[in-house]
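# Structural description and commentary
So the chains spell out like this:
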There are 2 protein chains.
Amino acid sequence: MFQVPTKTQYAIRALVHLALKESDSAAKIAEAQMISPKYLEGILNQLKLAGIVTSDRGRSGGYRLAKSSEQIRMIDVVQATEGAIRPVDCVDNRSVCVMGATCIPRKFWIGLKTAVDDYLSSVTLKDLAGDTFVQIGKE
Amino acid sequence: MFQVPTKTQYAIRALVHLALKESDSAAKIAEAQMISPKYLEGILNQLKLAGIVTSDRGRSGGYRLAKSSEQIRMIDVVQATEGAIRPVDCVDNRSVCVMGATCIPRKFWIGLKTAVDDYLSSVTLKDLAGDTFVQIGKE
DNA sequence: CGATATTCCTATTATTCCGATAGGAATTGG
DNA sequence: CCAATTCCTATCGGAATAATAGGAATATCG
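What you see is a predicted model, and the numbers here were worked out from it, not measured in a lab.

Let us look at the interface of chain A and chain B. The interface of chain A with chain B comprises 44 residues on the first partner and 44 residues on the second. When chain A packs against chain B, close to 4100 Å² is buried across both sides, 73% of that on carbon and sulfur atoms. Among the residues of chain A in contact with chain B, Met1, Phe2 and Phe108 of chain A are the three that bury the most area, contributing 19% of the side total. Scanning the region where chain A abuts chain B turns up 0 salt bridges. Counting every contact that joins chain A to chain B gives 6 residue pairs in polar contact (both at pLDDT 80 or more). If you list the elements that add at least two residues to the side of chain A that touches chain B, you get α1 (6–21), α2 (26–33), α4 (74–82), α5 (106–122) and α7 (131–137) of chain A.

Here it is as structure tokens:
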């Protein structure tokens, strides 16, 4: 459950890479992070549309972070690649619930969404790329 | 993202139903909850294998909760239908990570798993089926 | 100016998972 | 015995995901 799509995993890996390397081309990132190059291109484009990275075309072009890494929250990355967190459809819109007013679990799902949103909002790219998180990550 | 499979949604609806109705057949539950009957059969069987419900076969058989509703945590239900919460494979097993020791995001995913697990562990079936949650659920 | 490295755009394919269906065997109460 | 039920296994269709392919647009550098 809650398997995170590779698209999002790739996006995060690419961003950590950019946080550490300043600027790089899609092909270079893909090689370093072992991601299908063409697939990564599309992902980086989504991140660009979301205002998370910027790009320069042409020779010696490439991608870089659009903001400092502590301004990039993980929830922004997830939303850029996958859209809003929505465990069940009726979380956003009660009217779509087949059970209508008798949908008892709805509050429960809203609570789950909140728990996930809160966590993703609390972690920034800096937390992942910075020393602190790397230290914690060691075993 | 984090779309919860209908299987799990159905399981929870069925359990709420049983918490309120004491005992019922798969067909009856399916009708009341608007779930495909045959599909629900399989789900109830999974819940039985997980020790969440019991069943009686034969005429006038059916399903009932195996424990009191406050002893049934939502995380048990989710695990019964979907297995463990595992946002990415390496959460359980570092060795499967293609990035090996350089997998910086792993700690982040473990944090996400923890956030979800904690929430699901904190809510019981009684919270959903009982008066409290219903009151809260009203708008 | 021309070659090259890049982003950008669109379409297509492959694969996997999910939801549902189907048919029937086993069981049990009346 | 009959009818209602759980239980078991196989299969199918569709949607979403992952990846691939080809090339157009753009910019740099010699």
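Now that the structure has been shown, we can carry on.
Right, let's get into the pattern of salt bridges. When charged atoms on two side chains of opposite charge get close, those side chains can pair. All names here are of chain A. A complete count under the given rule lists 9 salt bridges over all chains for this structure. Among the ionic pairs, Asp76 bridges to Arg73, the shortest N-O distance being 3.0 Å. Note that Lys113 is salt-bridged to Asp117, the shortest N-O span being 3.0 Å. Taken as a pair, Lys113 and Asp117 lie in helix α5 at a separation of 4 residues, close to a single helical turn.

Residue and element names in this part refer to chain B. Interaxial distance between helix α1 (residues 6–21) and helix α2 (residues 26–33) falls to 10 Å at its minimum, and their mutual angle equals 110°. Put simply, α1 runs roughly perpendicular to α2. Judged by residue contacts, Arg13, Ala14, His17 and Leu18 of α1 engage Ile29, Ala32 and Gln33 from α2. Residues belonging to the contact of α1 with α2 are distributed by class as follows: 4 nonpolar, 2 polar and 1 charged.

A separate point is unusual backbone geometry. Residues other than glycine seldom take positive phi values, yet Glu22 of chain A does so here, at roughly 75°. Here Ser60 of chain B, not a glycine, exhibits a phi torsion of approximately 60°, which is positive. Residue placement: Ser60 of chain B occurs in the loop between β2 (53–56) and β3 (62–65).

To continue, consider the relation of the copies chain A and chain B. Mapping chain A onto chain B is achieved by rotating through 179° and translating by 0.0 Å along the same axis, at an RMSD of 0.2 Å. The two molecules are tied by a two-fold rotation axis, judged by turn and shift. Across chain A, the rotation axis passes nearest the C-alpha of Phe2 of chain A, at a separation of 2.6 Å. Interface residue correspondence from chain A to chain B reaches 100%, placing this contact among same-surface, isologous pairings.

Residue and element names in this part refer to chain B. Read across the open sheet, the 3 strands follow the order β1-β3-β2; overall the sheet is antiparallel. The open sheet terminates on both sides in strands that have one partner only, identified here as β1 (23–24) and β2. In this structure, β1 lies alongside β3, joined through 2 bridges in antiparallel fashion. Each bridged residue has a counterpart across the sheet, and for Ser23 the counterpart in β3 is Arg64.

Bringing the nonpolar core into the picture now. Judged by nonpolar contacts, the single largest core of 90 residues is most densely connected at Leu47 and Leu120 of chain A together with Leu120 of chain B. Discounting residues that sit within four places of it in the chain, Leu120 of chain A has contacts with Arg73, Met74, Ile75, Val78 and Ile85 of chain A together with Phe108 and Leu112 of chain B.

Turning next to the protein's contact with DNA strand D. Taken together, 24 residues lie around DNA strand D, and Thr6 and Lys38 of chain A together with Glu41, Lys48 and Ser55 of chain B are the ones closest in. The contact atoms of DNA strand D, taken as those within 4 Å of the protein, divide so that sugar and phosphate hold 65%. One nitrogen or oxygen atom from the main chain of Thr6 of chain A is found 2.6 Å from a phosphate oxygen belonging to DNA strand D. Take Tyr10 of chain A: an N or O atom from its side chain is 3.2 Å from a phosphate oxygen of DNA strand D. Those elements that place two or more of their residues in the surface near DNA strand D are α1 and α3 (37–49) of chain A together with α3 (37–49), β2 and β3 of chain B. When residues in the surface near DNA strand D are grouped by element, the largest group, 4 residues, is from α3 of chain B. Taken together, the residues that form the surface near DNA strand D break down as 5 nonpolar, 9 polar and 10 charged.

The rules behind each value
Residues numbered from 1 in each chain as written. Chains lettered and ligands numbered in written order. Predicted model: local features only at pLDDT ≥ 70, side-chain atom pairs only at ≥ 80, totals over all residues. Heavy atoms only, no water. Contact = heavy atoms within 4.5 Å. Buried area = accessible area lost by both parts, 1.4 Å probe. Salt bridge = Lys/Arg side-chain N within 4 Å of Asp/Glu carboxyl O. Polar contact = N/O pair within 3.5 Å; in protein donor to acceptor, adjacent residues only side chain to side chain. Helix = DSSP H or I, 4+ residues; strand = E, 2+ residues; numbered from the N terminus. Axes fitted to C-alpha atoms, helices over the stretch in contact; angles between N-to-C directions. Parallel < 35°, antiparallel > 145°, perpendicular 65-115°, else oblique. Nonpolar A, V, L, I, M, F, W, Y, C, P; charged D, E, K, R; others polar. Least-squares fit on C-alpha atoms with pLDDT ≥ 70 in both. Pairing = 2+ DSSP bridges. Core = buried A, V, L, I, M, F, W, Y, C linked by side-chain atoms within 4.5 Å. Buried < 20%, exposed > 50% of the residue type's maximum accessible area, 1.4 Å probe, protein only. Near = heavy atom within 4 Å.

Keep in mind that these numbers describe shape and distance, not what the molecule does.
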